[in-house]
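Spelled out from the first residue to the last, the chains are:
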Amino acid sequence: MILRDKAADLLTSLSPGTSRIALAGSIRRGMKNPKDIEIVAIPLYEHTLHFREVGLQGEMFGDRLPVPESVSLLDAELDKLYASTSWKLRADRGAGLRARFLIDRDGDKLDLFITDARLWGIIYTFRTGPAQFSHGLASLALKRGWHIESGLLHRHARPVRNNRRVSCLLGEECHLIADTHEEHQVFQALGLPWLEPEERTDTCLNQYLWGA
Ligand SMILES: [Zn+2]
């Protein structure tokens, strides 16, 4: 099976566990011979009450205390995928909160990036790449006196502490964060014309970075 078809199957399998899912990387850019599959997804969560034993007397629940728990339905779909196909987690890559790295019996790889609605624009753009293009976007933000941090564009320079640039002290609460829920807003915020994924190349940002 060609990689593009595998990618389409993965989207179909995983989408019930997500509120949004899309192909990124070289397949989205329409490359002739894509090397691996990159997918960006926003999981759906099921909020349940989990009863935890506590060694104390509780008036309403006896010894069991209800603890709200959110369960990722994307993880549930991944478990089904592992059980019914040859896709499995790669042994050489840890499974973080923000990504899963899978491999199948043919050695094809899936990088699954997990995000949320607020971070979507930047994560989706950066994961569509190519890598030099993504680096270029980050450089362009710096050139404007801003910075991109954890999937958000802060319209101010990184603060300096002990001669070192550090993260924004306000983090996600910073009021200088641009609205980049959607990919087109990332381009807009950085003062770029919209570029279709297949137009994004290693060099196409050079004129903005260095002047034409
Ligand atoms: Zn900030």
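About the cut-offs
Residues numbered from 1 in each chain as written. Predicted model: local features only at pLDDT ≥ 70, side-chain atom pairs only at ≥ 80, totals over all residues. Heavy atoms only, no water. Phe/Tyr/Trp six-rings, centres within 6.5 Å; stacked < 30°, edge-to-face > 60°. Helix = DSSP H or I, 4+ residues; strand = E, 2+ residues; numbered from the N terminus. Buried < 20%, exposed > 50% of the residue type's maximum accessible area, 1.4 Å probe, protein only. Lys NZ or Arg CZ within 6 Å of the ring centre and 35° of its normal. Salt bridge = Lys/Arg side-chain N within 4 Å of Asp/Glu carboxyl O. Donors = N, O, S within 2.8 Å, 3.2 Å for Na, K, Ca; no water. Tetrahedral: all angles 85-135°; square planar, octahedral: opposite > 155°, others 65-115°. Pairing = 2+ DSSP bridges. Contact = heavy atoms within 4.5 Å. Axes fitted to C-alpha atoms, helices over the stretch in contact; angles between N-to-C directions. Parallel < 35°, antiparallel > 145°, perpendicular 65-115°, else oblique. Nonpolar A, V, L, I, M, F, W, Y, C, P; charged D, E, K, R; others polar.

**Re the packing of aromatic side chains**
Next up, step 1: Evaluated as defined, the whole model comprises 4 aromatic pairs.
Next up, step 2: Taking the centre distance of 6.4 Å and the plane angle of 85 degrees together, the rings of Phe101 and Phe113 count as edge-to-face. Taken together, the residues span a long stretch of sequence, with Phe101 in strand β6 (residues 99–103) and Phe113 in strand β7 (residues 109–114) at a distance of 12 residues.
Next up, step 3: Note on Phe101: relative accessible area 10%, which makes it buried.
Next up, step 4: A relative accessible area of 6% places Phe113 in the buried class.
Next up, step 5: Connected via pairs of aromatic rings, a cluster forms that spans Phe133, Phe187 and Trp194.
Next up, step 6: Positioned above the aromatic ring of Phe101 is the side chain of Arg93, whose terminal nitrogen or guanidinium carbon lies 3.7 Å from the ring centre.
Next up, step 7: Directly above the aromatic system of Trp194 lies the positively charged group of Arg200, at a separation of 5.1 Å from the ring centroid.

**Points about the pattern of salt bridges**
Pairs can form between side chains of opposite charge whenever their charged atoms are close.
Next up, step 1: Under the defined criterion, the tally for this structure stands at 10 salt bridges.
Next up, step 2: We note a salt bridge from Lys6 to Asp104, for which the minimum N-O separation is 2.5 Å. Of the two residues, Lys6 sits in helix α1 (residues 3–14) while Asp104 sits in the loop between β6 and β7, which places them 98 residues apart along the sequence. When sorted by exposure, Lys6 lands in the same class as Asp104, which is buried.
Next up, step 3: The partner of Arg158 in a salt bridge is Glu149, with the nearest N and O atoms 3.6 Å apart.
Next up, step 4: Take Arg158: its relative accessible area is 28%, and that puts it in the partly exposed class.
Next up, step 5: A residue is classified by how much of its surface remains accessible, and Glu149, at 11% relative accessible area, is buried.
Next up, step 6: Taken together, the shared-partner salt bridges connect Lys6, Asp104, Asp106 and Asp108 into one network.

**Overview of the coordination of the zinc ion**
Next up, step 1: Distances from the zinc ion to its protein donors, namely His154 (ND1), His156 (NE2), Cys168 (SG) and Cys174 (SG), fall within the range 2.1 to 2.3 Å.
Next up, step 2: Around the zinc ion, the 4 donor atoms are arranged such that angles at the metal cover 105 to 114 degrees; this shape is classified as tetrahedral.

**Some remarks on the pairing of strand β2 (residues 37–43)**
Each regular strand displays side chains that alternate between the two surfaces of the sheet.
Next up, step 1: Burial analysis of β2 places 7 of its 7 residues in the buried class, which makes it a mostly covered element.
Next up, step 2: Side chains of β2 alternate between two faces, with Ile37, Ile39, Ala41 and Pro43 and Glu38, Val40 and Ile42 buried alike.
Next up, step 3: Two elements, strand β1 (residues 18–23) and β2, share 5 bridges in a ladder whose sense is antiparallel. Note on β2: the bridge partner recorded for Ala22 is Val40.
Next up, step 4: One ladder, built from 5 bridges, connects β2 with β7; its direction is parallel. Across the sheet, the residue bridging to Glu38 is Asp111, located in β7.

**Structural notes on the sheet that holds β7**
Next up, step 1: Taking strand neighbours across the sheet as the criterion, the 5 strands line up as β1-β2-β7-β6-β5 in an open arrangement whose pairing is mixed. The two strands at the open ends of the sheet, each matched to only one other strand, are β1 and β5 (88–89).
Next up, step 2: Two elements, β6 and β7, share 5 bridges in a ladder whose sense is antiparallel. Directly across from Phe101, in β7, lies its bridge partner Asp111.
Next up, step 3: Of the strands in this sheet, β1, β2, β5, β6 and β7 touch helix α3 (residues 73–84), which is tilted by about 10 degrees from β6.
Next up, step 4: Here helix α4 (residues 120–128) sits on the sheet in contact with β1, β2 and β7, set at roughly 170 degrees to β2.

**Comments concerning the packing of α1 against α3**
Next up, step 1: Between α1 and α3, whose axes approach to 9 Å, the crossing angle comes to 125 degrees. In terms of their interaxial angle, α1 and α3 are classed as oblique. Contact residues: Leu10, Ser13 and Leu14 in α1; Leu74, Glu77, Leu78 and Leu81 in α3.
Next up, step 2: Grouping the amino acids of the contact of α1 with α3 by side-chain chemistry returns 5 nonpolar, 1 polar and 1 charged.

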